[in-house]
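The lines below spell out each chain.
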Amino acid sequence: AQTVTQSQPEMSVQEAETVTLSCTYDTSESDYYLFWYKQPPSRQMILVIRQEAYKQQNATENRFSVNFQKAAKSFSLKISDSQLGDAAMYFCAYRSARNAGNMLTFGGGTRLMVKP
Amino acid sequence: GAVVSQHPSRVICKSGTSVKIECRSLDFQATTMFWYRQFPKQSLMLMATSNEGSKATYEQGVEKDKFLINHASLTLSTLTVTSAHPEDSSFYICSVQRGPSYEQYFGPGTRLTVT
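Quick summary incoming for the structure in this document.

### Some remarks on the overall build of chain B
If you tally the helices and strands in chain B, you get zero helices and 11 strands. Taken from the N to the C terminus, the helices and strands of chain B come in the order β-β-β-β-β-β-β-β-β-β-β. Taking 2.2 N^0.38 as the reference for a compact globule, 115 residues should give roughly 13 Å; the C-alpha atoms of chain B span a radius of gyration of 13 Å, in line with that estimate. Dimensions along the principal axes, computed over C-alpha positions, put chain B at roughly 40 × 30 × 25 Å. Split into buried and exposed, the 115 residues of chain B put 51% on the buried side. Restricting to contacts in chain B with at least 6 residues of sequence separation, those with at least 24 account for 54%. Split by element, the accessible area of chain B, about 5500 Å² in all, is 51% carbon and sulfur.

### Observations concerning the packing of aromatic side chains
Within this structure, the stated rule accounts for 13 aromatic pairs over all chains. Each ring, one from Y37(A) and one from F106(A), has its centre 6.0 Å from the other, and the planes form 55°; the classification is tilted. Taken together, the residues span a long stretch of sequence, with Y37(A) in strand 5 (residues 32-39) and F106(A) in strand 11 (residues 105-106) at a distance of 69 residues. Given the relative accessible area of 0%, Y37(A) is considered buried. Here the aromatic rings of F68(A) and F75(A) are separated by 6.3 Å at their centres, their planes lie at 80°, and the arrangement is edge-to-face. Of the two residues examined, F68(A) and F75(A), each falls in the buried class. Among the aromatic residues, those joined into a ring-pair cluster are F35(A), Y37(A), F91(A), F106(A), Y36(B) and F106(B). Cation over ring: R43(A) sits above F91(B), and NZ or CZ is 4.1 Å from the ring centre. We note R98(B) situated over the ring of F28(B); from NZ or CZ to the ring centre the distance is 4.4 Å.

### Details of the sheet that holds strand 3 (residues 19-25) of chain B
All names here are of chain B. The antiparallel open sheet is built from four strands, whose spatial order is 1-3-8-7. The open sheet has two free edges, formed respectively by strand 1 (4-7) and strand 7 (67-73), since each of these has just one partner strand. Neighbour-to-neighbour, the strand axes of the sheet open up by a mean angle of 15°, direction not taken into account.

Each value, and the rule that gives it
Residues numbered from 1 in each chain as written. Chains lettered and ligands numbered in written order. Predicted model: local features only at pLDDT ≥ 70, side-chain atom pairs only at ≥ 80, totals over all residues. Heavy atoms only, no water. Helix = DSSP H or I, 4+ residues; strand = E, 2+ residues; numbered from the N terminus. Rg over C-alpha atoms; globule rule 2.2 N^0.38 Å. Buried < 20%, exposed > 50% of the residue type's maximum accessible area, 1.4 Å probe, protein only. Contact = heavy atoms within 4.5 Å. Areas by Shrake-Rupley, 256 points an atom, 1.4 Å probe, with all protein chains shown as cover. Phe/Tyr/Trp six-rings, centres within 6.5 Å; stacked < 30°, edge-to-face > 60°. Lys NZ or Arg CZ within 6 Å of the ring centre and 35° of its normal. Pairing = 2+ DSSP bridges. Axes fitted to C-alpha atoms, helices over the stretch in contact; angles between N-to-C directions.

Structure, rendered in structure tokens:
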């Protein structure tokens, strides 16, 4: 079974600074997808960024980028120019590419606080 | 992306009663939907995978007779918590799967409180 680990229960960043959230995963598969989701106080889960394991290039979405290290099974999220609205819980998630009905496996989450 | 709604957003019920939560995919037809449960300050726990026109697939430890799932159409899945007890109080979230990476898009969640 796959597991996803987020080793930082809480992180803090100054507004306008950069922060990196860590995520590692364990799998024996070679083809899979990785995601970062944001859950603000409203509790609405929002997809932040996705990465296909077969792609070597790191995904970026505006101020959000990932550092995908397949051999190390690491998938960290970098948030640049942090804004107050970035304060939320962030969940890393893994999905096998094997079939269409596969579930997401979530990490335990990291609470990000942004200081003005 | 995908637009997903849930109804109700909050519900309070008495112990022993049943409550139904609806999950709707508003902008596309979803053959697969997922139901999660989230306790305070914890991650999401998958309860079941809902498949249109067939029986749901439940995760280990989830009682299928207590958490009834019906996915009767491509836009609607329902979760019914039967004979609810206070320990069933939680935040319930549904999602639909869409896109080339099978990413999931989530509803806004339903907070259930059983008194």
